[in-house]
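# Summary of structural features
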Amino acid sequence: MTVMTETSRADETSTSQSETASIPCASCGNPGKLQCPKCLELQLPKPASVFCSQDCFKKAWAGHKECHKLTNAWMYVTNRGQKRSPKMPYCDWTGPLRPELVGPTRKVPDSIPRPDYANDGTPRSEIESRQQRTVPIRSAKEIAGMRVACRLAREVLDKAHAAVRPGVTTDEIDRIVHEATVEAGAYPSPLNYYNFPKSVCTSVNEVICHGIPDKRPLQDGDIVNVDVTAYYKGYHGDLNETYVVGQVDDASKKLIRCAYDCLHKAMAEVKPGVRFREIGNFVSQHAQQQGFSVVRTFCGHGISDLFHCAPNIPHYSHNKVNGIMREGMLFTIEPMINAGGWKDITWPDEWTAVTRDGQRSAQFEHTLLVTADGCEALTKRLPTSPPLWWEAEQQA
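The notes below deal with the structure included here. Note that the coordinates shown come from a computational prediction; the quantities given were computed from them, not determined experimentally. Residue numbers restart at each chain and count upward from 1, following the sequence in its written direction. Selection of residues for local features in this predicted model requires a pLDDT of at least 70, selection of side-chain atom pairs for listing and counting requires 80 or more, and totals for whole chains, interfaces and linings are taken over all residues. As a convention, hydrogens and water are excluded, and side-chain values are obtained from all of the structure's heavy atoms.

### Quick look at the sheet that holds strand S16 (residues 344–346)
- Within the open sheet, the 3 strands sit side by side as S8-S17-S16. Their pairing is antiparallel. With partners counted over all chains shown, the strands left at the sheet margins are strand S8 (207–209) and S16, one partner each. On average, each strand axis in the sheet is tilted by 40 degrees relative to the strand beside it, whichever way the strands run.
- Bridge analysis of S16 against strand S17 (residues 353–355) gives 3 bridges, and the strand direction is antiparallel. The residue of S17 that forms the bridge with Thr346 is Ala353. Only when DSSP finds a minimum of two bridges between them are two strands counted as paired. In this description a helix means any DSSP run of H or I spanning at least four residues, a strand means any run of E spanning at least two, and both kinds are numbered starting from the N terminus. Axes, fitted as lines to C-alpha atoms, cover a helix only where it is in contact. Angles between the N-to-C directions of the axes lie from 0 to 180 degrees.

As C-alpha cells, this is what we get:
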C-alpha cells in the first residue's frame, strides 16, 4: 500500500490545501486534507484521490487501489496498447511530433452489442473466418445493414470534423467520437481491437495512420486525419478524412487535396471485372504526377460483419495481389499519400505509423459497394458535412 502525502506540501503535490478542502473525502465525505500519491503520479481525477486522514485512506485502500489500474491512468502507451508507462519511451523520432499522455479508456454501456474483441482484444471470429481467404458476394440483408452502419459512421466523423481547431486535443476528438457513437447505439470499432486503447484514430502531421488520441492540443498549421469506424447491428462502417487546423501552408493543402483526388480517381475505376491490383496503378499515377509518394505498408480491406477481411487493396503500382471485383463485394479504398518518401516506421506504442523522413502524410477513405456498372460510396459525404479546405475557400 502506498503512503498518503499532505496536499499542503508543494514538493509532493500541485494541489493546494484550500483546493483539496473543497473536495470531500472519497471515503467518508468530510473535508479533504490528503491526496493519494499514486493518483497524483497517474494524474487521476481529484475527487477519487482525496481523503481526510491516513486512517480513512487505509480503510478505503482495498477498494481505492482499483482506480490505479492502467486503464484509468494518463500515461504513455506501449506494447501495442497492452501496457502503459509514466515516462515517454525512447525513439529515434523522425519528425517534430511527439506522443503525449493518453487518457483512460472510455466505457461502452453493456446494453450496446459489441464485436468479440471488445473484452480481451482478440478478434477471434475475424482470425478464423473463411472471409480471410475468400471474398464473399454480400446479400441484400448484409448490404442494407452496411448502409446503416456507414451512414452512422459518416455522421460521427462529421461531428469530429466540426470540432477540429487549434487548441482542441485529439483526446477531446476521441471523446466526441465515442459519445456520438454510443449515443447512436453503436460500438466504436477501434476500441480494444488488438488492444487499441481509444475509440478513433487521430493521425497528425507526419503520422500516416493509427495515431492514438492523447492530450496534445492541435496547433495552428497542423493537419489531422480522423479515422472513424462504427459497429452497428453486426456491421462495421469505416471512413476517414484529413483536415486542416487553422492556417495551413500551401504544400500541406496540396498534399491533402492529392490524397482526396487519389481516392476518387481509384473509385472511378471500380466495377465488376477489374483486378484489385489495378487500383494501385491509378493511385500511384496521380500521386507521382503531383510529386508525392504512396505508402506501401498499409492497404484497403474487405469489411462487413468483420472489421478487416479479404480482399486486400494495395494502393501502390505493380503490386501482386490476386482477385477480381464482382458485383456485391464490399471493401475500402484508403490511399495514404506522403509528401516525401513512401517508407514508414512505427513508434514504441507499436500502433502509430509515421513517415521515415518526418514529412507529412494525408489520407482519405470510403467503404465501397461494387455495383453492376461501378461502385457506391456507402460513407459518402452529406449535404450537411463540414466543408473540406478547398470547399471552405470556395464558400468564402
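After presenting the structure, the write-up continues.
### Re the pattern of salt bridges
- Salt-bridge detection follows one rule: a side-chain nitrogen of Lys or Arg within 4 Å of a carboxyl oxygen of Asp or Glu. Throughout the structure, instances matching the rule amount to 20 salt bridges.
- Measuring nitrogen to oxygen at the nearest pair gives 3.5 Å for the salt bridge that ties Glu142 to Arg138. A single burial state applies to Glu142 and to Arg138, both of which are buried.
- Here Glu376 and Arg147 are joined by a salt bridge, their closest N and O atoms 2.5 Å apart. Linking Glu376 in strand S20 (residues 375–377) with Arg147 in helix H6 (residues 140–163), this pair joins segments that are 229 residues apart in sequence.
- Where salt bridges share partners, they join Arg154, Asp158, Glu241, Arg381 and Glu391 into one cluster. Relative accessibility decides the category of a residue: with a 1.4 Å probe and only protein chains considered, values under 20% of the type maximum give buried, values over 50% give exposed, and everything between is partly exposed.

### Brief notes about the packing of H6 against helix H7 (residues 170–183)
- In contact at an axis separation of 9 Å, H6 and H7 are set at 150 degrees when each is read in the N-to-C sense. Taken together, the axes of H6 and H7 lie roughly antiparallel to each other. Here H6 and H7 pass one another in a crossing that is right-handed. Seen from H6, the contacting residues are Val156, Lys159, Ala160 and Ala163; seen from H7, they are Ile173, Ile176, Val177, Ala180 and Thr181.
- Classifying every residue of the contact of H6 with H7 by side-chain character gives 7 nonpolar, 1 polar and 1 charged. When describing relative orientation, an angle under 35 degrees is termed roughly parallel and one over 145 degrees roughly antiparallel, while 65 to 115 degrees is termed roughly perpendicular and anything else oblique. Throughout, a crossing is termed right-handed when the near helix is turned clockwise from the far one, and left-handed when it is turned anticlockwise from it by less than a right angle. Any pair of residues with heavy atoms lying within 4.5 Å of one another is described as a contacting pair. Amino acid classes used here: Ala, Val, Leu, Ile, Met, Phe, Trp, Tyr, Cys and Pro are nonpolar; Asp, Glu, Lys and Arg are charged; the rest, including Gly, are polar.

### Section: the nonpolar core
- We call a set of buried residues a nonpolar core when its members are Ala, Val, Leu, Ile, Met, Phe, Trp, Tyr or Cys and they connect through side-chain atoms within 4.5 Å of each other. Residues Val226, Val228, Phe331, Ile333 and Ile337 are the most contacted members of the largest nonpolar core, which totals 71 residues.
- Once residues lying within four places of it in the same chain are set aside, the contact partners of Phe331 are Val270, Phe276, His301, Gly302, Ile303, Pro311, Ile313, Met325, His366, Thr367, Leu368 and Val370.

### Looking at the packing of aromatic side chains
- Note on aromatic pairs: the rings of Phe, Tyr and Trp (six-membered ring only in Trp) are paired at centre separations within 6.5 Å, and the planes decide the class, stacked below 30 degrees, edge-to-face beyond 60, tilted for the rest. Counted according to the given criterion, the structure contains 11 aromatic pairs.
- Through a chain of ring-to-ring contacts, three or more aromatic side chains come together here, namely Tyr117, Tyr193, Tyr194 and Phe307.
- Of note, Arg257 hangs over the ring of Trp390, and the distance from its end group to the ring centre comes to 4.4 Å. For a Lys NZ or an Arg CZ to count as sitting over a ring, it must be within 6 Å of the ring centre and within 35 degrees of the ring normal.

### Concerning the packing of helix H8 (residues 250–267) against helix H9 (residues 278–289)
- Taken N-terminus to C-terminus, the directions of H8 and H9 make an angle of 145 degrees; their axes are 9 Å apart at the nearest point. The handedness of the crossing between H8 and H9 comes out as right-handed. Together, Cys258, Asp261, Cys262, Lys265 and Ala266 of H8 and Ile279, Val283, His286 and Ala287 of H9 make up the contact between the two elements.
- Taken together, the residues of the contact of H8 with H9 break down into 6 nonpolar, 1 polar and 2 charged.

### Let's talk about H9
- Taking 1.5 Å of rise per residue, 12 residues should cover 16 Å, and H9 covers 17 Å from first to last C-alpha, within 8% of that figure.
- Those residues of H9 that sit buried are Ile279, Gly280, Val283, Ser284, His286 and Ala287.
- Next to the buried residues of H9 lie H8, strand S11 (293–294), strand S13 (309–313), strand S14 (330–333) and strand S15 (336–338). A helix is expected to reach a length of 1.5 Å times the quantity of its residues less one.

### So, the environment of Gln54
- With respect to the helices, strands and loops of the structure, Gln54 is situated in helix H3 (residues 54–64).
- Considering only alpha carbons, one finds Gln54 and Ile176, 122 residues apart in sequence, at a separation of 38 Å.

### Thoughts on the state of the cysteines
- Only a pair of cysteine sulfur atoms within 2.5 Å qualifies as a disulfide here. In the structure shown here, the tally under the stated rule is 0 disulfides.
- Here Cys56 is not disulfide-linked; the sulfur of Cys52 is the nearest cysteine sulfur, at 3.7 Å.
- Its sulfur unpaired, Cys262 is 4.0 Å from the next cysteine sulfur, which belongs to Cys258.

### Considerations on unusual backbone geometry
- Residue Ala310 is joined to Pro311 through a cis peptide bond whose omega torsion reads 5 degrees.
- Here Pro311 is to be found in strand S13.
- Positive phi, normally seen in glycine, also occurs at His318, with a value near 60 degrees.
- Relative to the helices and strands, His318 resides in the loop between S13 and S14.
- Given the relative accessible area of 67%, His318 is considered exposed.

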